[in-house]
Amino acid sequence: VQIIPANFVLAPAFLPPMSLQWLSLVGAIWLQSINGTNSDFPAYSSQLKKLLAMSQLQLNNLAFASDAGKLFGWFSGVAAVYLPLWLVLMIGSALGLIGYGVQYLLLTNQIPTLPYSLVFLLTVLAGNSICWINTVCYIIAIQNFPLDRQVAVGLSTSYQGLSAKIYSDIVDVFFPSSPAERAKGYLLLNSVLPLVVCVVAAPVVRDVHVGRSRKLIGGFVVIFVITLVTGSWAVISCLGSVISSLSPRIILIGMCVFLVIPVLVPLAEKICERQRQKCCIRKEKRVHNVSIEEVEEDHGGTMGVENIGVKRESVGEDCEVGIREEIGVKEMIKRVDFWLYFFVYFFGATLGLVYLNNLGQIAESRGYSRTSALVSLSSSFGFFGRLVPFLLDYYTSRTKYVLSRPASIAVMTAPLSAAFFLLLNPTSLSLHISTAIIGICTGAITSISVSTTTELFGAKNFGVNHNILVMNIPLGSFLFGDLAALLYRREGSGGFSVLDDRGNHFPKDKFDTITFSSIPSFSENIPK
């Protein structure tokens with residue numbers, strides 16, 4: 001039986017150009033690549049501690065403040081429901097500009113001394129800005145690629161793992177002089193670069209209304225290859241032998257080229273559309289000769305003849321595979337599986353993020369001075385950690401095997417635990433290996449959780465639901481970080497004092513009680 005339903009829209013003529021769909025994914029990749037502004041905190045935390053004469057506990061509370069911005073991440077999910085996505089992007093970048101920008105002005109003595117509480121609030125504001133940009137990228141990937149949302153989300157979010165590497169490469173080129181200048185450079189980039197990229201990407205990062213989309217193969221394969229090459233370049237450029245043979249400028253140029261190359265996919269699709277008047281990458285059924293068997297195949301074989309004429313909006317949503325049901329926040333927090341999921345994440349990815357947040361202090365306590373290289377290493381391996389689960393998901397989706405995402409999260413916690421035990425070895429090699437493993441596992445769990453949230457609680461309320469889940473990150477940062485800071489203070493050896501510009505000495509046993517108001521200038525407050 002051959003039927004042409006009156007309201008069953010399949011013709012490419014009724015859909016937007018496929019090139020716009022791919023361009024929105026490229027825009028999301030660019031946004032995510034600069035959105036991990038809190039991931040470069042370890043690279044300048046030690047200098048920030050010295051320049052602002054903070055105790056270890058105060059410094060750790062700033063790391064917690066950056067994560068605490070996620071406590072208010074659900075605001076971005078609500079805003080995305082009522083506001084256009086470009087405006088959500090602008091709000092997020094503006095929050096980052098204020099949060100990091102004021103701290104930069106403080107370090108450069110452009111504004112008067114600020115109390116610690118205000119610096120804490122500015123850090124919270126900066127941390128919250130990440131949630132706004134994340135929410136837009138998630139929504140774009142899920143809505144514009146309904147049947148390939150796991151792959152689209154995985155590709156885009158994996159680039160956030162490269163943020164610290166990208167910022168470090170830029171700092172190596174433009175702020176190579178001293179650790180103090182590098183710290184100021186990181187804050188300047190954190191405040192300005194996301195705003196610039198959001199302005200560039202805002203016109204293309206939007207809901208394309210793809211309607212009923214088929215599985216996309218060609219475009220994803222090309223972007224997969226580009227992504228793997230990009231990650232390989234990031235890892236190779238972190239190696240000591242490569243760093244010594246290549247200048248920082250060449251490393252930065254190479255990274256920028258790899259970030260621009262994905263735009264070739266929508267460009268090629270646009271050329272193909274104009275020449276052949278059809279989409280080359282999207283594999284679409286014809287508008288005529290739609291058989292009952294074809295429609296039933298798309299809906300799991302459960303539709304009858306009377307149900308074929310469905311609205312365009314329902315096609316591509318109801319047929320998505322893997323979603324149990326669509327539930328809201330109130331219903332979600334009543335579920336046992338949510339709380340199991342919450343605490344598994346709490347003792348997995350959150351614990352790894354706390355380690356990465358304190359990487360600067362860990363490296364310093366072990367006598368390792370090249371903190372930026374260590375941060376770049378964790379960033380590069382975190383990139384592959386975010387990417388590999390979705391490569392496997394994409395491969396298994398084309399076979400009869402299916403990976404359990406909760407089981408995948410559980411499996412990744414095993415090497416994560418082993419890496420912490422490896423840190424008992426005091427050598428630099430064990431520090432590098434442990435950091436790489438923790439980066440991979442943390443990135444993988446973070447990446448898998450995006451699809452797990454959608455699978456367990458649906459895609460309709462994803463923006464709010466996932467931001468509720470990641471609230472465990474600031475909670476874990478506060479709990480684990482403060483315990484580490486107290487241990488660091490108790491076990492610290494050697495005496496030192498802080499000298500202010502009036503010649504006042506602050507002994508070690510009173511160092512943790514110093515406040516910003518007690519020191520007029522920060523320029524000379526370096527521990528002796």
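Under an unreviewed UniProt entry, the name given to the chain is Nodulin-like domain-containing protein, and the organism recorded is Escallonia rubra. The UniProt entry for the chain carries this comment under Sequence similarities (unreviewed entry): "Belongs to the major facilitator superfamily. Phosphate:H(+) symporter (TC 2.A.1.9) family." What UniProt states about the chain under its Subcellular location (unreviewed entry) heading is, verbatim, "Membrane".

## What about the packing of helix 7 (residues 149-158) against helix 10 (residues 218-236)?
One can describe the packing of helix 7 onto helix 10 by two numbers: an axis separation of 11 Å at closest approach and a directional angle of 25 degrees. It follows from the interaxial angle that helix 7 and helix 10 lie roughly parallel. With respect to the hand of their crossing, helix 7 and helix 10 are arranged in left-handed fashion. Facing V151, A152, L155 and S158 of helix 7, the residues of helix 10 in contact are F220, I223, F224 and T227.

## Digging into the nonpolar core
The biggest cluster of nonpolar side chains holds 114 residues, and the ones touching the most others in it are W22, L25, L31, Y44, L48, L89 and F220. The contacts of L31, once residues within four sequence positions are left out, are L89, I133, C137, V197, C198, A201 and V205.

## Quick notes on the pattern of salt bridges
Taken as a whole and assessed by the stated rule, the structure comprises four salt bridges. Ionic pairing is found between D169 and K165, a salt bridge with its closest N-O pair at 3.2 Å. Separated by four residues within a single helix, D169 and K165 lie in helix 8 (residues 163-174), roughly one turn from each other. In this structure, D169 and K165 share a single accessibility class: buried.

## Things to note about a nonpolar patch on the surface
Together, F72, W74, F75, V78, V81, Y82 and L83 give the surface a local cluster of nonpolar side chains, amounting to about 690 Å² of exposed area. In this structure L83 comes out as partly exposed when scored by relative accessible area, which is 32%.

## Focus on the packing of aromatic side chains
By the definition in use, this model includes 21 aromatic pairs. Here the aromatic rings of W22 and F220 are separated by 5.0 Å at their centres, their planes lie at 70 degrees, and the arrangement is edge-to-face. Taken together, the residues span a long stretch of sequence, with W22 in helix 1 (residues 18-35) and F220 in helix 10 at a distance of 198 residues. With a relative accessible area of 0%, W22 lands in the buried category. Geometrically, the ring pair formed by Y355 and F420 is edge-to-face, given 5.8 Å between the ring centres and 90 degrees between the ring planes. Pair noted here: Y355 is in helix 17 (residues 349-357) and F420 is in helix 20 (residues 405-422), with a separation of 65 residues, a long-range link.

## Points about helix 5 (residues 85-107)
Compared with the 33 Å implied by 1.5 Å per residue over 23 residues, the 33 Å span of helix 5 between its first and last C-alpha is a close match. Once helix 5 ends, the next one or two residues include N109, with phi positive near 60 degrees.

## Considerations on the environment of T135
Position of T135 among the secondary structure elements: in helix 6 (residues 116-144). Taking the C-alpha atoms as reference, T135 lies 9.9 Å from V78; in sequence the two are 57 residues apart. Not counting chain neighbours up to four residues away, the residues in contact with T135 comprise S76, G77, A80 and N467.

## Describing the side chain of H466
Position of H466 among the secondary structure elements: in helix 22 (residues 462-469). For H466, a relative accessible area of 6% puts it in the buried group. In contact with H466, other than residues within four places in its own chain, are Y138, S449, V450 and T453.

## Things to note about the environment of R206
The residue R206 is located in the loop between helix 9 (179-201) and helix 10 in this model. The spatial distance from the C-alpha of R206 to the C-alpha of C137 is 9.3 Å, given a sequence separation of 69 residues. Setting aside its immediate chain neighbours within four residues, R206 contacts L20, S24, L85, I140 and N144.

## Focus: the packing of helix 5 against helix 6
Close contact between helix 5 and helix 6 brings their axes to 8 Å; oriented N to C, the two are set at 155 degrees. Taken together, helix 5 and helix 6 sit at an angle that is classed as roughly antiparallel. The handedness of the crossing between helix 5 and helix 6 is left-handed.

## Considering the confidence of the model for the chain
It should be kept in mind that the predicted coordinates are not to be read in detail where pLDDT is low. Put simply, the chain has an average pLDDT of 76, and 77% of its residues get 70 or more. In this model, residues 1-15 is a region of pLDDT below 50 whose contacts with residues beyond four sequence positions or in other chains number 38 contacts. Low pLDDT (under 50) marks residues 493-528, which in the prediction has 65 contacts with non-local residues, meaning those over four places away or in another chain.

## With respect to helix 3 (residues 56-68)
For helix 3, which comprises 13 residues, the first-to-last C-alpha distance of 18 Å matches the rise-based estimate of 18 Å (1.5 Å per residue) to within 8%. Extensive coverage of helix 3 is indicated by the burial of twelve of its 13 residues. Looking only at helix 3, the buried set comprises Q56, Q58, L59, N60, N61, L62, A63, F64, A65, S66, D67 and A68.

Conventions used here
- Residues numbered from 1 in each chain as written.
- Predicted model: local features only at pLDDT ≥ 70, side-chain atom pairs only at ≥ 80, totals over all residues.
- Heavy atoms only, no water.
- UniProt positions renumbered as here; feature names shortened; annotations may be inferred.
- Axes fitted to C-alpha atoms, helices over the stretch in contact; angles between N-to-C directions.
- Helix = DSSP H or I, 4+ residues; strand = E, 2+ residues; numbered from the N terminus.
- Parallel < 35°, antiparallel > 145°, perpendicular 65-115°, else oblique.
- Left-handed = near helix turned anticlockwise from the far one by under 90°.
- Contact = heavy atoms within 4.5 Å.
- Core = buried A, V, L, I, M, F, W, Y, C linked by side-chain atoms within 4.5 Å.
- Buried < 20%, exposed > 50% of the residue type's maximum accessible area, 1.4 Å probe, protein only.
- Salt bridge = Lys/Arg side-chain N within 4 Å of Asp/Glu carboxyl O.
- Patch = residues over 30% accessible without salt bridge, like charges linked within 9 Å, V, L, I, M, F, W, Y side chains within 5 Å.
- Areas by Shrake-Rupley, 256 points an atom, 1.4 Å probe, with all protein chains shown as cover.
- Phe/Tyr/Trp six-rings, centres within 6.5 Å; stacked < 30°, edge-to-face > 60°.
- Expected span 1.5 Å × (residues − 1).
- pLDDT = per-residue confidence, 0-100.

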